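Structural overview for review
Chain residues, written in single-letter form:
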Amino acid sequence: MTASNKTFFGVTLNDINRSVTWDFSEETDLRCHKLVIKQIMLDAEARYDEYNVVEVNSSIDFVKIPIAVLKADEQRTTNPGVEFYESKVTFCLIRGSGPVHMHGYVVRDDVDVIFVSEDGQRI
């Protein structure tokens, strides 16, 4: 039998806090972990004359790619819907001064642990 629960995830990137890392391995429970980013928004205080670029770096997928390019007078929000499974993920504000708000949720799924012998039989 499996069960899951969701918890809110939210961070703000700006000149002072240019990067943040989510690391599932810091969790102490025996669950599967997934981070879902639902929305990235540019704050009302953001400068009109600059682009703000958020980049993600995933340790398992070896991905380092921009996931949001925002500018106050062009596009203030994006809904990327990206998901990261069992991975250490770092989000960086690589251009602009923000503030850029990101939010989503972390899913923790209970899993049944099944032990299998060398001959393939359940123990």
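That block above? That's the structure.
Conventions adopted
- Residues numbered from 1 in each chain as written.
- Predicted model: local features only at pLDDT ≥ 70, side-chain atom pairs only at ≥ 80, totals over all residues.
- Heavy atoms only, no water.
- Helix = DSSP H or I, 4+ residues; strand = E, 2+ residues; numbered from the N terminus.
- Buried < 20%, exposed > 50% of the residue type's maximum accessible area, 1.4 Å probe, protein only.
- Contact = heavy atoms within 4.5 Å.
- Areas by Shrake-Rupley, 256 points an atom, 1.4 Å probe, with all protein chains shown as cover.
- Pairing = 2+ DSSP bridges.
- Phe/Tyr/Trp six-rings, centres within 6.5 Å; stacked < 30°, edge-to-face > 60°.
- Lys NZ or Arg CZ within 6 Å of the ring centre and 35° of its normal.
- Axes fitted to C-alpha atoms, helices over the stretch in contact; angles between N-to-C directions.

**Some details on the overall build of the protein**
A count of helices and strands for the protein gives 0 helices and 9 strands. Secondary structure of the protein in N-to-C order comes out as β-β-β-β-β-β-β-β-β. The buried share of the protein, reckoned over its 123 residues, is 36%. Here the contacts in the protein between residues at least 6 apart in sequence split such that 79% fall between residues at least 24 apart. Split by element, the accessible area of the protein, about 7700 Å² in all, is 51% carbon and sulfur.

**Here we look at unusual backbone geometry**
The peptide bond linking Gly98 to Pro99 adopts the cis configuration, its omega dihedral lying at -5°. In this fold, Pro99 is placed in the loop between β8 (88-95) and β9 (100-110).

**Some details on the pairing of β8**
Sheet analysis places strand β2 (residues 19-23) next to β8, joined by 5 bridges and oriented antiparallel. Its bridge partner being in β8, Trp22 is matched across the sheet by Val89. Relative to β8, strand β4 (residues 51-58) is paired through 6 bridges, and the arrangement is antiparallel. Bridge pairing links Ser58 to Val89 in β8.

**Thoughts on the packing of aromatic side chains**
Tallied over the full model, the rule gives 1 aromatic pair. Considering the side-chain rings of Phe84 and Phe91, the 6.0 Å spacing of their centres and the 80° angle between planes classify their relative orientation as edge-to-face. Cation over ring: Lys6 sits above Tyr105, and NZ or CZ is 4.5 Å from the ring centre.

**A few points about the environment of Val69**
In this fold, Val69 is placed in strand β5 (residues 63-71). Here the alpha-carbon distance between Val69 and Asn52, two residues 17 residues apart in the chain, equals 5.7 Å.

**Describing the sheet that holds β8**
The 4 strands lie next to each other as β2-β8-β4-β5, forming an open sheet whose pairing is antiparallel. Unpaired on one side and paired on the other, β2 and β5 mark the two borders of the sheet. Each strand of the sheet is rotated relative to its neighbour by a mean of 20°, with strand direction disregarded.

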